[in-house]
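Descriptive structure summary
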Amino acid sequence: MLLHPPAVPSPPPPKHPTPIHAPPYNAGLVAGVAALIIEADAVVRQRDIDTDIDATARRLAADAAALDLTTSDQEEALGEAGPGGLPLDPVCISPAECGPHGACEAGRCRCVVLYTGVVCGHALVLSPALLAPGLPRFVPAYEGELMLHAQTRHADIRVLRPGPTLEWDLLADAAETAALNRILPPSDLVFKSKAYPTCAVVGSSGSLLLRRLGPAIDAHVLVLRLGATPSAGHEASLGSKTNLRLTDERDWAWRERPEDLALVRSASRATVTGLLANAASPAPAAIVALDPDFESWLAEGLGFAADLELAGTLLALQTCRAVTLYGLAPQGPAQGVPEAYHEPCKPAVGTSGDPPGAAAARWAALQALARVGLVAWGEPCVEECMAAPAACDTCRAALGIVPKPVDAWCESARAAGRPPAEEAPGGGAAGGDRGNGTAVGKESAAAGSGQGAAAKTEHNSTAAATTTRR
């Protein structure tokens, strides 16, 4: 039995606290260092200076020509060679030696996208000019926990509320925190020192219906799906594999299979209420929660509220070595597809419930991440179709992609025996189970939130044990 220090109430934080997740950002210093690097590289090239890296590259190229190696083989060999082409000594033996942002493989620390270095200890330094527009405030460094567990909190739990001015909201008081510690997993079962080689973040855009991307999605080591998005009946287009499902209080009662592991966001008190209610229910669901510090990092680095798509993408960048996005671009009837692949007959609703400019800000942020190469689009023609109809048509025509009227998608779903979402029993997405609904404040939280039994959670939260739909 784990013993925890007695909960001690903490004074409320200052109204406008200094950001705690990253040191102050000095744009002038970063720009100056970048300029010096560019200047030094230009001098090396102009004077034809021969460096150890150049010599190693020439030797590897000659060896590759003799052995008929591919370019990727050359790059891998260069990465494993030191000065003069000598093999590097192993830098790690156990995962702990690579810290929270890397995994040890073949004696090397393999880093998640947002970190680099021999032991993955350095966050990337990204040019503000490349990130703007879209992410002008974004700082990759995040040293907190990703998953809420029993070793992280012993007093009040607070989270930053996104907006023009950052305000702290109370998630749990000291008594609620003590109750959470009795039901939370003892440690991070999902993300700690994993650094998954490849990750797919799968959304709900109707554009997924245009290509048979299922095998490509299922080939990823970690498949993270967002919200109440069923894969049954759509396996050819979006695969059947789900390791983790990121959700919020609207849909955390939804399950495609009872054993599915849900990762619920921690941006409101509803999360705490639901976790406690679920643990007290006769059949707790398998749910873990994002750490509120991660939510605060999102609020601080974005300046606006992240939806599931953006939160899931940034989460993947903190835990994966390569991230590919599927169905995250907000395409709809204007691009010849339904808004959501699993609701082809539902009228387009757009983002009417969002604050003005919120949807555009989130899309600009995803574009910025793709522009600097941190993520890749898994579908073709994403940027073109979001830019202009003519560019979209030209790109799709070159690939032989033929969209069809939105009504035709609806008729195809009916012909295949998949009722539209609004016609499915209970009003939820066809093929799933929303428990008692999506509201959190009542008994629905007990049906679909919290940590579940510890053994069940541990069994389901190991992403290496792939969940495959049959």
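Refer to the preceding data block for the structure.
Residues numbered from 1 in each chain as written. Predicted model: local features only at pLDDT ≥ 70, side-chain atom pairs only at ≥ 80, totals over all residues. Heavy atoms only, no water.

**Describing a nonpolar patch on the surface**
Taken together, Val-91, Val-118 and Val-119 make up a surface patch of nonpolar side chains, about 220 Å² in accessible area. Mapped onto the elements of the fold, Val-91 is located in the loop between helix 3 (71-79) and strand 1 (102-105). (Patch = residues over 30% accessible without salt bridge, like charges linked within 9 Å, V, L, I, M, F, W, Y side chains within 5 Å. Areas by Shrake-Rupley, 256 points an atom, 1.4 Å probe, with all protein chains shown as cover. Salt bridge = Lys/Arg side-chain N within 4 Å of Asp/Glu carboxyl O. Helix = DSSP H or I, 4+ residues; strand = E, 2+ residues; numbered from the N terminus.)

**Considerations on the nonpolar core**
One finds Leu-310, Leu-314, Leu-317 and Val-323 to be the most contacted residues of the largest nonpolar core, which totals 58 residues. Of all the elements in the fold, those that place two or more residues in this core are strand 7 (199-202), strand 8 (222-226), strand 9 (244-247), helix 9 (292-302), helix 10 (308-319), strand 12 (323-326) and helix 11 (358-371). If you tally residues by element for this core, the top one is helix 10, at 7 residues. Excluding anything up to four places from it in sequence, Val-323 contacts Val-113, Cys-199, Val-201, Ala-316, Leu-317, Leu-374, Val-375 and Ala-376. (Core = buried A, V, L, I, M, F, W, Y, C linked by side-chain atoms within 4.5 Å. Buried < 20%, exposed > 50% of the residue type's maximum accessible area, 1.4 Å probe, protein only. Contact = heavy atoms within 4.5 Å.)

**Description of the environment of Ser-231**
Relative to the helices and strands, Ser-231 is located in the loop between strand 8 and helix 7 (235-238). Sequence spacing of Ser-231 and Tyr-341 is 110 residues, and the spatial spacing of their C-alpha atoms is 9.9 Å.

**Some details on the sheet that holds strand 7**
Taken in spatial order, the 7 strands line up as 11-10-9-8-7-12-13 in an open sheet, and their pairing is parallel. Strand pairing shows two members of the sheet lacking a second neighbour, strand 11 (287-289) and strand 13 (376-377), which therefore form its edges. In this sheet, strand 12 lies alongside strand 7 in parallel orientation, the contact comprising 4 bridges. Following the sheet pairing, Ala-200 is matched in strand 12 by Thr-324. Most of the contacts of helix 10 go to strand 8, to which it runs at about 160°, and overall it touches strand 7, strand 8, strand 9, strand 10 (262-264) and strand 12. (Pairing = 2+ DSSP bridges. Axes fitted to C-alpha atoms, helices over the stretch in contact; angles between N-to-C directions.)

**Structural notes on helix 8 (residues 269-280)**
Over its 12 residues, helix 8 runs 17 Å from end to end, which matches the ideal 16 Å to within 8%, given 1.5 Å per residue. Regarding helix 8, the residues found buried are Thr-271, Val-272, Gly-274, Leu-275 and Asn-278. On an axial view of helix 8, the arc spanned by its buried residues comes to 165°, and they lie on one face. (Expected span 1.5 Å × (residues − 1). Arc of directions from axis to C-beta.)

**As for the packing of helix 5 (residues 174-183) against helix 8**
Between helix 5 and helix 8, the least distance of the axes is 10 Å, while the angle of their chain directions is 50°. Accordingly, the angle class assigned to the pair helix 5 and helix 8 is oblique. The way helix 5 lies across helix 8 gives a crossing that is left-handed. Each of Glu-176, Ala-179, Leu-180 and Ile-183 in helix 5 lies in contact with helix 8, whose residues at this interface are Arg-269, Val-272, Leu-275, Leu-276 and Ala-279. In terms of residue class, the contact of helix 5 with helix 8 is made up of 7 nonpolar, no polar and 2 charged. (Parallel < 35°, antiparallel > 145°, perpendicular 65-115°, else oblique. Left-handed = near helix turned anticlockwise from the far one by under 90°. Nonpolar A, V, L, I, M, F, W, Y, C, P; charged D, E, K, R; others polar.)

**A word on the packing of helix 9 against helix 10**
Where helix 9 contacts helix 10, the two axes come as close as 11 Å, and the packing angle between them is 110°. In terms of orientation, helix 9 and helix 10 fall into the roughly perpendicular class. Residues Phe-294, Trp-297, Leu-298 and Leu-302 of helix 9 lie in contact with helix 10, whose contacting residues are Leu-310, Ala-311, Leu-314, Leu-315 and Gln-318.

**Digging into the state of the cysteines**
A full pass over the atoms with the stated rule returns 7 disulfides. Across the disulfide, Cys-92 is cross-linked to Cys-104 (sulfur-sulfur distance 2.1 Å). Negative torsions about the S-S bond denote left-handed disulfides, and the value of about 90° found for Cys-92 with Cys-104 makes this one right-handed. One end of the pair, Cys-92, is in the loop between helix 3 and strand 1; the other, Cys-104, is in strand 1, and 12 residues separate them in sequence. The class of Cys-92 is buried, set by a relative accessible area of 3%. (Disulfide = S-S within 2.5 Å.)

**Let's talk about unusual backbone geometry**
Backbone torsion omega between Ala-132 and Pro-133 reads 0°, so that peptide bond is classified as cis. Assignment of secondary structure puts Pro-133 in the loop between helix 4 (128-131) and strand 5 (157-161). Its identity as a non-glycine residue notwithstanding, Ala-106 has a phi of 50°, on the positive side. Along the polypeptide, Ala-106 turns up in the loop between strand 1 and strand 2 (108-111). Residue class for Ala-106 comes out exposed when judged on its relative accessible area of 75%. Even without being a glycine, Cys-381 presents a positive backbone phi close to 65°. On the secondary structure map, Cys-381 appears in the loop between strand 13 and helix 12 (382-387).

**Overview of the pairing of strand 12**
Where burial is concerned, the two faces of strand 12 agree: the one with Val-323 and Leu-325 and the one with Thr-324 and Tyr-326 are both buried. Relative to strand 13, strand 12 runs parallel, the two sharing 2 bridges. When the sheet's bridge partners are listed, Leu-325 is paired in strand 13 with Trp-377.

Structural measurements only, silent on function.
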